[in-house]
Amino acid sequence: MSNIDPKSLKVNQKIKFEDDHYWYLVRSVRHPFVICTTTSSKGYYTILNVDQNVRGEGTSWGLGHKTDEQVAESMLALHGEHPEGIERKISRRNRVPLSIVQVKDFAPPCKA
């Protein structure tokens, strides 16, 4: 079990989950949700609900997580504020308990 408080996560931190071998980059934080994507080319993502202490995939198809704009749209959908009325939740079928084992700050490369 982890003693890292998921409510303290900040954008641009890298996190490692107990049950996953990938590192994830925190892309967006708006209570109670945190959206993270892998730093690998695989393009995996996970959504955290820090109040329910779970994480998993979203329920809506068509919302990507590769660009900042896509991540922002996904966050709006989680809060019921998407301009096209898309709603999103964390999938009940694929959710797992939230257990963060490591957090480190990540400095994204500078854009020239």
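Our subject in this report is the structure included herewith. Note that the coordinates shown come from a computational prediction; the quantities given were computed from them, not determined experimentally.

Rules and cut-offs
Residues numbered from 1 in each chain as written. Predicted model: local features only at pLDDT ≥ 70, side-chain atom pairs only at ≥ 80, totals over all residues. Heavy atoms only, no water. Core = buried A, V, L, I, M, F, W, Y, C linked by side-chain atoms within 4.5 Å. Buried < 20%, exposed > 50% of the residue type's maximum accessible area, 1.4 Å probe, protein only. Helix = DSSP H or I, 4+ residues; strand = E, 2+ residues; numbered from the N terminus. Contact = heavy atoms within 4.5 Å. Salt bridge = Lys/Arg side-chain N within 4 Å of Asp/Glu carboxyl O.

Things to note about the nonpolar core
For step 1, the next point in the chain: Of all hydrophobic cores here, the largest spans twelve residues; its members are L9, I15, F17, Y22, Y24, V26, V34, C36, L48, V50, L98 and I100.
For step 2, the next point in the chain: Among the elements of the structure, β1 (13–17), β2 (23–30) and β3 (33–38) are those that each provide at least two residues to this core.
For step 3, the next point in the chain: Excluding anything up to four places from it in sequence, Y24 contacts Q13, K14, I15, F17, C36, T37, T38, Y44, Y45, T46 and R55.
For step 4, the next point in the chain: Among the nonpolar cores identified, the runner-up in size contains nine residues, and F33, I35, I47 and V54 belong to it.

Re the pattern of salt bridges
For step 1, the next point in the chain: Using the criterion set out here, one finds five salt bridges in the structure.
For step 2, the next point in the chain: In this structure, D20 and R55 form a salt bridge, with 3.5 Å as the shortest nitrogen-oxygen distance. Taken together, the residues D20 in the loop between β1 and β2 and R55 in strand β5 (residues 54–56) connect sequence positions 35 residues apart.
For step 3, the next point in the chain: Overall, the relative accessible area of 17% leaves D20 in the buried class.
For step 4, the next point in the chain: Among the charged side chains, a salt-bridge network with shared partners connects D19, D20 and R55.

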